[in-house]
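Each chain, written out:
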Amino acid sequence: ENVLIMLALKGLDGRFLSANSIFAEWHQTTVDNLIGKTVHDLIPNKERADEVAELERKVIESGEIVILEAESVLHKTKEGRPTIYRLMKFPVRDREGTIMGLGTAMTDITEQKEAERELAHQKAILETTLETMDQGITMFDEKLNVITANSKFIELLKFPKDRFPPGTNLSEFFRYNAERGEYGPGDAEQQVQERIELARKFEPHHFERTRPDGTVIDIRGNPLPDRSGFVTTYSDVTQQKRAER
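Residues numbered from 1 in each chain as written. Predicted model: local features only at pLDDT ≥ 70, side-chain atom pairs only at ≥ 80, totals over all residues. Heavy atoms only, no water.

S.K.: Please clarify how the overall build of the protein chain should be interpreted in this entry.
M.R.: Within the protein chain, the regular secondary structure consists of 9 helices and 10 strands. Computed over the C-alpha atoms, the radius of gyration of the protein chain is 30 Å, more than 25% above the 18 Å expected from 2.2 N^0.38 for a compact globule of 245 residues. Overall, the protein chain is about 90 × 45 × 35 Å in size when its C-alpha atoms are taken along their principal axes. Per-residue burial over the protein chain gives 38% buried out of 245 residues. Within the protein chain, contacts between residues separated by at least 24 positions form 38% of all contacts whose residues are at least 6 apart in sequence. (Helix = DSSP H or I, 4+ residues; strand = E, 2+ residues; numbered from the N terminus. Rg over C-alpha atoms; globule rule 2.2 N^0.38 Å. Buried < 20%, exposed > 50% of the residue type's maximum accessible area, 1.4 Å probe, protein only. Contact = heavy atoms within 4.5 Å.)

Here's what the structure looks like:
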């Protein structure tokens, strides 16, 4: 009665032996009214009740736990959408390990799913914003692993499109550049280490780099709060530099 999970226990005949109050309330009935009833008494929709009964039969026969998510036809959110719950069906055994009944545990996860939906929406907005920018942009975490990089960054720096997925360390970007001569003559690994040591300082930085093909890239980086990473923008200022000359 004191847990926030909806719990119920059935015998091998499919009839309820016990349940807590929130399980009964979720199904719009009382604990006393549940005892002795079957899933067909609880769920008016026969097809749906048959599905649940078949699931419970499989759990008892296999002895395995089943976890799934479903929408409730009895409950709606304030916006009129079905609530979502996580359902677990599990065999209940005696001390000798013999299956003596079936347990049901239910958790309302509507708020969690709504939060996930909102997060996915915000993520989509952010990705769209990044992809429509005229500047290249990257974000690295405190371990110097890339979190995101837009297409303009890949285009400006002439990186292979799928070479550096999220999670790639900054050293791999430096190493690729060093090996193709972006940093001029010298030992590639030394060039990588020098740049990694600077990046680990997490200090604001602004400089211009001229690529071997003559493209001039304006690079501006700023650390995130608490040195949890940094964001860098990359702008092609080649035409501007030519006009200045």
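Resuming the write-up.
S.K.: Please explain the nonpolar core as it appears in this structure.
M.R.: In globular proteins that are soluble, nonpolar side chains generally tend to be buried together. Ranked by size, the top nonpolar core spans 23 residues in total, and within it Leu 144, Phe 153, Phe 159, Leu 170, Phe 173 and Tyr 234 carry the most contacts. Every element with two or more residues in this core is listed here: α6 (151–156), α7 (170–179), α8 (188–199), β9 (216–223) and β10 (229–236). Contact partners of Leu 144, with chain neighbours within four places excluded, come to Thr 168, Asn 169, Leu 170, Ile 196, Ala 199, Arg 200, Phe 202 and Phe 230. Ranked by size, the runner-up nonpolar core spans 17 residues in total, among them Phe 23, Leu 42, Ile 43 and Val 52. (Core = buried A, V, L, I, M, F, W, Y, C linked by side-chain atoms within 4.5 Å.)

S.K.: Explanation requested: helix α5 (residues 110–131) in the structure shown.
M.R.: Think of an α-helix as turning once every 3.6 residues; residues three or four places apart then point the same way. Between its first and last C-alpha, α5 extends 31 Å over 22 residues, near the 32 Å set by a 1.5 Å rise per residue. Residues of α5 that are buried: Thr 110, Lys 113 and Leu 130. (Expected span 1.5 Å × (residues − 1).)

S.K.: I would appreciate a short explanation of the sheet that holds β10 in the present structure.
M.R.: In any sheet, the strands associate via hydrogen bonds between backbone groups, in a parallel or an antiparallel arrangement. One open sheet holds the 5 strands; their spatial order is β7-β6-β10-β9-β8, and the pairing between them is antiparallel. What marks the edges here is a single partner per strand, and that holds for β7 (146–149) and β8 (205–210). With direction set aside, neighbouring strand axes in the sheet form an average angle of 15°. Of the pairings in the sheet, the one linking strand β6 (residues 136–141) to β10 comprises 6 bridges and is antiparallel in character. Opposite Gly 136, over in β10, you have Tyr 234 as the bridge partner. (Pairing = 2+ DSSP bridges. Axes fitted to C-alpha atoms, helices over the stretch in contact; angles between N-to-C directions.)

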